[in-house]
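The residues making up each chain are set out below.
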Protein chains: 4
Amino acid sequence: MSFNSFGQIFRITTWGESHGPGLGVVIDGCPPGIRLTPEEIQVALDTRKPGTSKFVTQRKEPDAVKILSGVFEDDRTDGPRTTGAPISLMIENVDQRSKDYSDIRDKYRPGHADFTYDAKYGLRDYRGGGRSSARETAARVAAGVVAEKVLAHVLDDAVSIRACLVQMGPHKIERDNFDWNEITNNPFWCPDPVAAKLWEEKLDAARKAGSSMGAIVEVVASGVPAGLGAPVYAKLDTDLSSAMMSINAAKAVEIGAGFEAAALSGEENADEIRMKDGAPHFLSNKAGGILGGISTGQDIVLRFAIKPTSSILAPRKTITRAGEETEISTKGRHDPCVGIRGVPVGAAMMALVLADHALLQRAQCG
Amino acid sequence: MSFNSFGQIFRITTWGESHGPGLGVVIDGCPPGIRLTPEEIQVALDTRKPGTSKFVTQRKEPDAVKILSGVFEDDRTDGPRTTGAPISLMIENVDQRSKDYSDIRDKYRPGHADFTYDAKYGLRDYRGGGRSSARETAARVAAGVVAEKVLAHVLDDAVSIRACLVQMGPHKIERDNFDWNEITNNPFWCPDPVAAKLWEEKLDAARKAGSSMGAIVEVVASGVPAGLGAPVYAKLDTDLSSAMMSINAAKAVEIGAGFEAAALSGEENADEIRMKDGAPHFLSNKAGGILGGISTGQDIVLRFAIKPTSSILAPRKTITRAGEETEISTKGRHDPCVGIRGVPVGAAMMALVLADHALLQRAQCG
Amino acid sequence: MSFNSFGQIFRITTWGESHGPGLGVVIDGCPPGIRLTPEEIQVALDTRKPGTSKFVTQRKEPDAVKILSGVFEDDRTDGPRTTGAPISLMIENVDQRSKDYSDIRDKYRPGHADFTYDAKYGLRDYRGGGRSSARETAARVAAGVVAEKVLAHVLDDAVSIRACLVQMGPHKIERDNFDWNEITNNPFWCPDPVAAKLWEEKLDAARKAGSSMGAIVEVVASGVPAGLGAPVYAKLDTDLSSAMMSINAAKAVEIGAGFEAAALSGEENADEIRMKDGAPHFLSNKAGGILGGISTGQDIVLRFAIKPTSSILAPRKTITRAGEETEISTKGRHDPCVGIRGVPVGAAMMALVLADHALLQRAQCG
Amino acid sequence: MSFNSFGQIFRITTWGESHGPGLGVVIDGCPPGIRLTPEEIQVALDTRKPGTSKFVTQRKEPDAVKILSGVFEDDRTDGPRTTGAPISLMIENVDQRSKDYSDIRDKYRPGHADFTYDAKYGLRDYRGGGRSSARETAARVAAGVVAEKVLAHVLDDAVSIRACLVQMGPHKIERDNFDWNEITNNPFWCPDPVAAKLWEEKLDAARKAGSSMGAIVEVVASGVPAGLGAPVYAKLDTDLSSAMMSINAAKAVEIGAGFEAAALSGEENADEIRMKDGAPHFLSNKAGGILGGISTGQDIVLRFAIKPTSSILAPRKTITRAGEETEISTKGRHDPCVGIRGVPVGAAMMALVLADHALLQRAQCG
């Protein structure tokens, strides 16, 4: 069962609410003998941390991670090493501002899960969104670090995973301007410096207007060997799409040419193959590095859409729990474009899926 | 583990290759007491059957389904009823034309899984695509019928699921022309009679040119009550996207506004709520009927893209198993637009996901 | 979910009823490249086949197995080989004697699942026990053959699995007489020729008296390397006990010293270790080859109890479906000691658990 | 995958080592709206807590539990209630005496998992047994409290679960003396006051001699309605046996008559049925309340054996990690009969299995 778990052999189970004591993840199935320190996880967590620019929520969370189990060190291990036992990671919530929740307690915020949680469970922890808060993704990013280490361990450091924002609101990047080195030069993980300038202007305007913007995240895994993935219901495309769609506010995902593939002819779409340096070499990558659910050895390329933040200042029509019509205006510290923080989360989910399939591949194909 | 299984409580496991003795599915977790006959399943299978028009493969398969277990009838049951035991369905392969496979035995067809299966498994059943053949989807359609009956049983006939093609190649339907009644008036499940005419012309041209076209399928489930689905990794969006992406040749999926949501503002995207006839009523459906992974009670709406058939007559550059550069031209009986047959498959996958979540909902929320 | 599935990576799903068209199993997760023929499976099936002596049911079933998928042969494969795709095996039911079922239709047979199936499902396929019939174990034996081949493939033919009967009714074997070579010299898989003689006499008497006897099966796996198994909930003991307890009529299971361990002192029970031929060597095997859920390299030894056949001629008090008190006497072709046929089933389940753990070990520990 | 998880819908995942920062459990699939406080869990934890008598380890652990997620309280909920989100429970380790571990670091303790963990993982956290320590069972007892509340919620308080010790070393209780009220009158959960006296004497002697004793635990669930459980691989017997065998030091399990059933005739073993007060009534309970894997409505009765504590003072032959022959004598604070603390753990595991099946029953059979 997988209400709050993801993965088959390398399996994470997350827990925690936005305004409870903390959140965490239990990682099961991790191979033994992998070096792992809280500091390494912290570096990744800091990339998605709130409060790092005016374009993300101003909530101040140190997001300090603790390793509670599954790692051991003695004078023979050359640093702390995974033992094969479950790795429990915890992040305490610090800045749960004690505020008045009476508004969201009684009113359903449009675009949020308030109404549906009540419909399903009959009650809900409404403080900061409770379980549906994007704070849950901190657990994914932490687990993603472990997944990357597993990948490095199993596949000899072959794989590298990168992610960026390729669209904010209606504004796309220019592919000609694409430069991975640019993504840390702006607060948007934008690989196009020209687009980044425009986005800054547009997002600032949206923020000041009490509005918000959506975004499209692109994730690329390079160096994945051919042969990972499994037909029919554990295809890489299948697991990657569920991984990305499980992220808060994600509403679409595509692999390779994606939706555009529908408009292509068979000749345009099917990537031809030649030999290069003694190895198979594809002349294009419309498949996004996956054929029949199995990796081809090319870059694995996907994109997913994050809807605009639903917490906005502009007053919106809604109803109360009791069924009365009313309006709501969401105040508080919100991301004007939650897609920005989706970038490290998308990369983490890619790492989780690939780590799981790297282990599955060892299991079935030796 | 789910290499060849899908679903959690209502769980299917499929088996079979294109040119083996047959294919089938074992359905586990089906509630007891549901009336089920092979004839009902046959009706659905006939909708995706090969050989029904010149626009689908000319392979002649009766696709006659047998129920091998899990159904019982005596003088007290008013017809055959599910017993709660696993339901095993089998479809024999009849028209596996005994042909010369030497070409695809040695050459990797671009856009197909030939190369990746070899990379993963070291050998492959190349006859007609083996396990990666779209024939596997017959098992899904058969299981989908059982899923629809489960939904009707558990949710009092509230849910209806429909699917259609909304784009073929670059040619989209006009939303103003959308009419569900039209989908059986043309061989494309096209809800727009004007588009259907154009598609016929374009697809005929592609077929004659030895080319192929992609397509976009839309699936809509109406009458789903609010409260189905589950955070965080068993969201309806998550399970629906993996369901659709597991279909052969699918490369993209979106829920509700999908990728377009990225271009909207928060005000445009978050569906406002009013009361109507004493019940919550959303003023729009950008969310595609799902918030926080849980159904809102609105129509659940999704689309997925099917890439153009990779088996085309036009000669394509490729390599042999032995690593020699060569060309291949795929002769044989192929769908010029395999997306057409994806329509009933998409509907079946929607039924499977909703049946599973209807049972999960009973389990957790009573 | 595992209503009708067993195993994690090497996973079987069985289906079928005693008097339906047939029964079968889908094996998922099998490594590719393993030679597999129906003839090899048939040999094992013949060992548990009905009708082979007067001590097992006189039902005449050829139990002819068909491989429907997952195996491929061409001029390069040196015989049929597994492909990594699901292996579907089917056995048709032939001798479902068309008899009058009105008695067991309306009355609950004591010791059988008639009452509980009705209580759970509201209806049941009562013909020959339906899904609760021991015929389901034919699917396990067939799958067990594949599991043994996986073990041989992954662990270089190191493992051998044997099983025998060590007690029939109250009559135990003498450990001093134990000889594996004897088990095929009598119809009981009895390793003690003296006991076998007594059992023949006792079971014949029971059979003629319309009664039945229970039995205890012992299963031993030799050559299992140290390191298979996994704490905490996937211990070898855990998986082996659930494997054996899932067999029809099994009511007890023990590993190594088992229940007797409770009566030992810590000194008597904890197996001491020395070195022998450069490898760890245990001075006893109270642990049954498993410590902390992980194999020690010693023989894995377990026993399970099979209750006496509940289908007996002697009239028994029971009630009808409608709640009226009555009596029932079960006529028909029944095993006077169903434990006999439990011997190959126990061996098959051992193979399934070890194959699964051999693959899990590759996954997590490389 | 279930290395460290147990259950299907009501699913626990435990983590933590004996001498790490703490241990915990994440409970997924819990129905919403159930009242839950840390105090209720604490009561149960205190029953298995170390240091409560001279017959259990003298380690001083407050075992104070914290609820970190999944429970919510506001002015409408009448106390803290489960929300349907994962419930994370944590218990900090306090008394990890900082001692010299060089002995068990290098030597394999007979009867312990030291050798097998090293064989499997290549390294191990040897402090206090690490992951293989019985401290993990604290997490089970905590989760068992939640399971009991789920049972009460779903089955209207019908079920009550009790456990006791029926054998210590070779000394069995007298069934004629059995009185549930006695179990809290002695430090052994012994239902027979005469036996309790003898055990006290015998265990004291063993403790002083640096030895240890095994035990047999009996668990009884009353009030379970007919119909829980599921054929074929999710039988109640199957799940209960794996539940009990996953407990540290458990080596055997039996349901109802168990191993004794093998010695009975069919007439003796199959429980006859009559009507009583308008309901089916069994004249005996050899089946232990389960037929065909499904509950009959009678008491569910099982027993499991716990081997004698392997940590003993008496010097034992063993080897070092480096393969040298040596001896070891385990000093420290150990339970002379760890079976005593297995009593609440067995009861907790029974609750976990029944809660899971109560939810599964709602899912499949409504």
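Structural notes, computed from the coordinates. (Residues numbered from 1 in each chain as written. Chains lettered and ligands numbered in written order. Predicted model: local features only at pLDDT ≥ 70, side-chain atom pairs only at ≥ 80, totals over all residues. Heavy atoms only, no water.)

1. Here we look at the packing of aromatic side chains
Two descriptors summarise a pair of aromatic rings, namely the distance from one centre to the other and the angle between the planes of the rings.
Step number 1: Under the counting rule described, the total for this entry stands at 34 aromatic pairs over all chains.
Step number 2: Summarising the aromatic geometry, the rings of Phe-282 of chain A and Phe-115 of chain B are spaced 5.7 Å apart at their centres and angled 70° between planes, so their arrangement reads as edge-to-face. Highlighted residues: Phe-282 of chain A in strand β13 (residues 279-282) and Phe-115 of chain B in helix α3 (residues 114-121), drawn from two different chains.
Step number 3: For Phe-282 of chain A, a relative accessible area of 8% corresponds to the buried category.
Step number 4: Measuring from ring centre to ring centre gives 5.1 Å for Tyr-126 of chain B and Phe-72 of chain C, while their planes differ by 80°; the resulting arrangement is edge-to-face. On the criterion of chain membership, the pair formed by Tyr-126 of chain B in the loop between α3 and α4 (136-154) and Phe-72 of chain C in strand β5 (residues 71-72) is interchain, its members lying in two chains. When sorted by exposure, Tyr-126 of chain B lands in the same class as Phe-72 of chain C, which is buried. (Phe/Tyr/Trp six-rings, centres within 6.5 Å; stacked < 30°, edge-to-face > 60°. Helix = DSSP H or I, 4+ residues; strand = E, 2+ residues; numbered from the N terminus. Buried < 20%, exposed > 50% of the residue type's maximum accessible area, 1.4 Å probe, protein only.)

2. Quick look at the relation of the copies chain D and chain A
Step number 1: With an RMSD of 0.0 Å, the operation that places chain D on chain A is a rotation of 180° combined with a shift of 0.0 Å along the axis. Expressed as an axis order, the relation between the two copies is that of a two-fold axis.
Step number 2: Of the interface residues in chain D, 100% have counterparts in chain A that sit at the interface too, so the contact is made through matching surfaces. (Least-squares fit on C-alpha atoms with pLDDT ≥ 70 in both. Contact = heavy atoms within 4.5 Å.)

3. Side note on the sheet that holds strand β8 (residues 160-168) of chain B
Step number 1: Reading across from one edge, β9(A)-β8(A)-β10(A)-β16(A)-β11(A)-β11(B)-β16(B)-β10(B)-β8(B)-β9(B) is the order of the 10 strands in this open sheet, with antiparallel pairing throughout. Among the strands making up the open sheet, the edge pair consists of β9 (171-172) of chain A together with β9 (171-172) of chain B.
Step number 2: Bridge analysis of strand β8 (residues 160-168) of chain A against β9 of chain A gives two bridges, and the strand direction is antiparallel. In the strand pairing of β9 of chain A, Gln-167 of chain A is matched with Lys-172 of chain A.
Step number 3: Helix α8 (residues 339-365) of chain B rests against β8, β10 (215-222) and β16 (300-306) of chain B of the sheet, and its axis sits at about 145° to β8 of chain B. (Pairing = 2+ DSSP bridges. Axes fitted to C-alpha atoms, helices over the stretch in contact; angles between N-to-C directions.)

4. Here's the deal with the nonpolar core
Most often, soluble globular proteins keep nonpolar side chains buried together rather than apart.
Step number 1: Counting residues in hydrophobic clusters, the biggest one holds 408 residues, and the most contacted among them are Phe-10 of chain A, Phe-10 of chain B together with Phe-10 of chain C.
Step number 2: Apart from the residues within four sequence positions on either side, Phe-10 of chain C is in contact with Ile-27, Asp-28, Cys-30, Ala-143, Val-146, Ala-147, Val-150, Leu-352, Ala-355, Asp-356 and Leu-359 of chain C. (Core = buried A, V, L, I, M, F, W, Y, C linked by side-chain atoms within 4.5 Å.)

5. Overview of the relation of the copies chain A and chain B
In this arrangement, two copies of a chain are superimposed by a rotation about an axis accompanied by a shift along the axis.
Step number 1: Between chain A and chain B, the superposition needs a rotation of 180° and an axial shift of 0.0 Å, giving an RMSD of 0.0 Å.
Step number 2: Most of the interface of chain A is mirrored in chain B, where 100% of its interface residues again form contacts.

6. Concerning the pattern of salt bridges
Step number 1: Throughout the structure, instances matching the rule amount to 96 salt bridges over all chains.
Step number 2: Of the charged contacts, one joins Lys-251 of chain A and Asp-237 of chain B as a salt bridge, the two residues approaching to 3.0 Å between their closest N and O atoms. Taken together, the positions of Lys-251 of chain A in strand β11 (residues 250-255) and Asp-237 of chain B in helix α6 (residues 236-245) put the pair across two chains.
Step number 3: Lys-251 of chain A gets classed as buried once you look at its relative accessible area, which sits at 5%.
Step number 4: By relative accessible area, which is 3% here, Asp-237 of chain B ends up buried.
Step number 5: A salt bridge links Lys-66 of chain B to Glu-92 of chain B; the shortest N-O distance between them is 2.9 Å. Pair noted here: Lys-66 of chain B is in strand β4 (residues 65-67) and Glu-92 of chain B is in strand β7 (residues 87-92), with a separation of 26 residues, a long-range link. (Salt bridge = Lys/Arg side-chain N within 4 Å of Asp/Glu carboxyl O.)

7. Let's talk about the packing of helix α1 (residues 38-48) of chain C against helix α4 (residues 136-154) of chain C
All names here are of chain C.
Step number 1: The contact between α1 and α4 brings their axes to 9 Å, and the two run at 135°. For the element pair α1 / α4, the angle class is oblique. Two packed elements cross with a definite hand, and for α1 against α4 that hand is right-handed. Within the contact between the two elements, α1 uses Glu-40, Ile-41, Ala-44, Leu-45 and Arg-48 and α4 uses Thr-137, Ala-138, Val-141, Ala-142, Val-145 and Lys-149. (Parallel < 35°, antiparallel > 145°, perpendicular 65-115°, else oblique. Left-handed = near helix turned anticlockwise from the far one by under 90°.)

8. A short note on helix α8 (residues 342-365) of chain D
Residues and elements named next belong to chain D.
Step number 1: Over its 24 residues, α8 extends 34 Å from the first C-alpha to the last, a length consistent with the 34 Å expected when each residue adds 1.5 Å.
Step number 2: Burial analysis of α8 places 23 of its 24 residues in the buried class, the great majority of the element.
Step number 3: Positive backbone phi, at 75°, marks Gly-366, one or two positions downstream of α8. (Expected span 1.5 Å × (residues − 1).)

9. Here's the deal with the interface of chain D and chain A
Step number 1: Contacts between the two partners involve 46 residues from chain D and, on the opposite side, 46 residues from chain A.
Step number 2: Counting the surface lost from both chain D and chain A, the interface buries some 3,600 Å², and carbon and sulfur atoms represent 62% of this.
Step number 3: Taken together, chain D and chain A are joined by four salt bridges.
Step number 4: The salt bridge involving Asp-106 of chain A is made with Arg-76 of chain D; its shortest N-O contact spans 2.9 Å.
Step number 5: Looking at the side of chain D that touches chain A, the elements with two or more residues in it are β2 (11-16), β3 (22-28), β6 (81-82), β7 (87-92) and α2 (102-106) of chain D.
Step number 6: Element by element, the count of residues in the side of chain D that touches chain A is highest for β2 of chain D, at five residues.
Step number 7: In terms of residue class, the side of chain D that touches chain A is made up of 16 nonpolar, 16 polar and 14 charged. (Buried area = accessible area lost by both parts, 1.4 Å probe. Nonpolar A, V, L, I, M, F, W, Y, C, P; charged D, E, K, R; others polar.)

10. Observations concerning the interface of chain A and chain B
Step number 1: Chain A puts 104 residues into the contact, and the matching count from chain B is 104 residues.
Step number 2: Counting the surface lost from both chain A and chain B, the interface buries some 8,500 Å², and carbon and sulfur atoms represent 62% of this.
Step number 3: There are six salt bridges connecting chain A and chain B.
Step number 4: Across the pair Glu-272 of chain A and Arg-316 of chain B runs a salt bridge whose closest N-O atoms are separated by 3.6 Å.
Step number 5: Scanning the region where chain A abuts chain B turns up 56 residue pairs in polar contact (both at pLDDT 80 or more).
Step number 6: The residue makeup of the side of chain A that touches chain B, split by class, is 53 nonpolar, 34 polar and 17 charged.
Step number 7: In this structure, β11 of chain A lies alongside strand β11 (residues 250-255) of chain B, joined through three bridges in antiparallel fashion. (Polar contact = N/O pair within 3.5 Å; in protein donor to acceptor, adjacent residues only side chain to side chain.)

11. Here we look at the pairing of strand β11 (residues 250-255) of chain C
All names here are of chain C.
Step number 1: Counting buried positions along β11 yields six of six residues, so the element is predominantly enclosed.
Step number 2: Pairing geometry for β11 and strand β16 (residues 300-306), over five bridges, is antiparallel. What sits directly across from Ile-255, in β16, is Leu-302.

12. Describing the packing of α4 of chain B against α8 of chain B
A pair of packed helices is characterised by two quantities: the angle between their axes and the separation of those axes.
All names here are of chain B.
Step number 1: Running from amino to carboxyl end, α4 crosses α8 at an angle of 40°, the nearest separation of the two axes being 7 Å. The angle between the axes of α4 and α8 places the two elements in the oblique class. When the axes of α4 and α8 are compared, the crossing they make is left-handed. Residues Thr-137, Arg-140, Val-141, Ala-143, Gly-144, Ala-147, Glu-148, Val-150, Leu-151 and Val-154 of α4 form the contact with α8, whose participating residues are Pro-344, Val-345, Ala-348, Met-349, Ala-351, Leu-352, Leu-354, Ala-355, Ala-358, Leu-359 and Arg-362.
Step number 2: Class assignment for the residues of the contact of α4 with α8 results in 16 nonpolar, two polar and three charged.

13. Considerations on the sheet that holds β11 of chain C
Step number 1: What the 10 strands build is an open sheet, ordered β9(C)-β8(C)-β10(C)-β16(C)-β11(C)-β11(D)-β16(D)-β10(D)-β8(D)-β9(D); its pairing is antiparallel. The open sheet terminates on both sides in strands that have one partner only, identified here as β9 (171-172) of chain C together with β9 (171-172) of chain D.
Step number 2: Against the sheet, helix α8 (residues 339-365) of chain C makes contact with β8 (160-168), β10 (215-222) and β16 of chain C, and its axis sits at roughly 145° relative to β8 of chain C, the strand it touches most.
Step number 3: Each of β8 (160-168) and β9 of chain D touches helix α5 (residues 193-208) of chain D; the most contacted strand, β8 of chain D, lies at about 55° to it.

14. Considering unusual backbone geometry
Residue and element names in this part refer to chain B.
Step number 1: Note the cis peptide between Pro-231 and Val-232, where omega equals 0°.
Step number 2: Note that Val-232 resides in the loop between β10 and α6.
Step number 3: Although it is not a glycine, Asp-78 sits at a positive phi angle of roughly 55°.
Step number 4: By the element assignment, Asp-78 lies in the loop between β5 (71-72) and β6 (81-82).

15. Topic: the environment of Thr-320 of chain B
Residues and elements named next belong to chain B.
Step number 1: Within the secondary structure layout, Thr-320 lies in the loop between β17 (316-319) and β18 (325-328).
Step number 2: Sequence-wise, Thr-320 and Lys-107 are 213 residues apart; in three dimensions their C-alpha atoms are separated by 4.2 Å.
Step number 3: If near-sequence neighbours (up to four positions away) are discounted, Thr-320 is found in contact with Asp-106, Lys-107, Tyr-108 and Thr-326.

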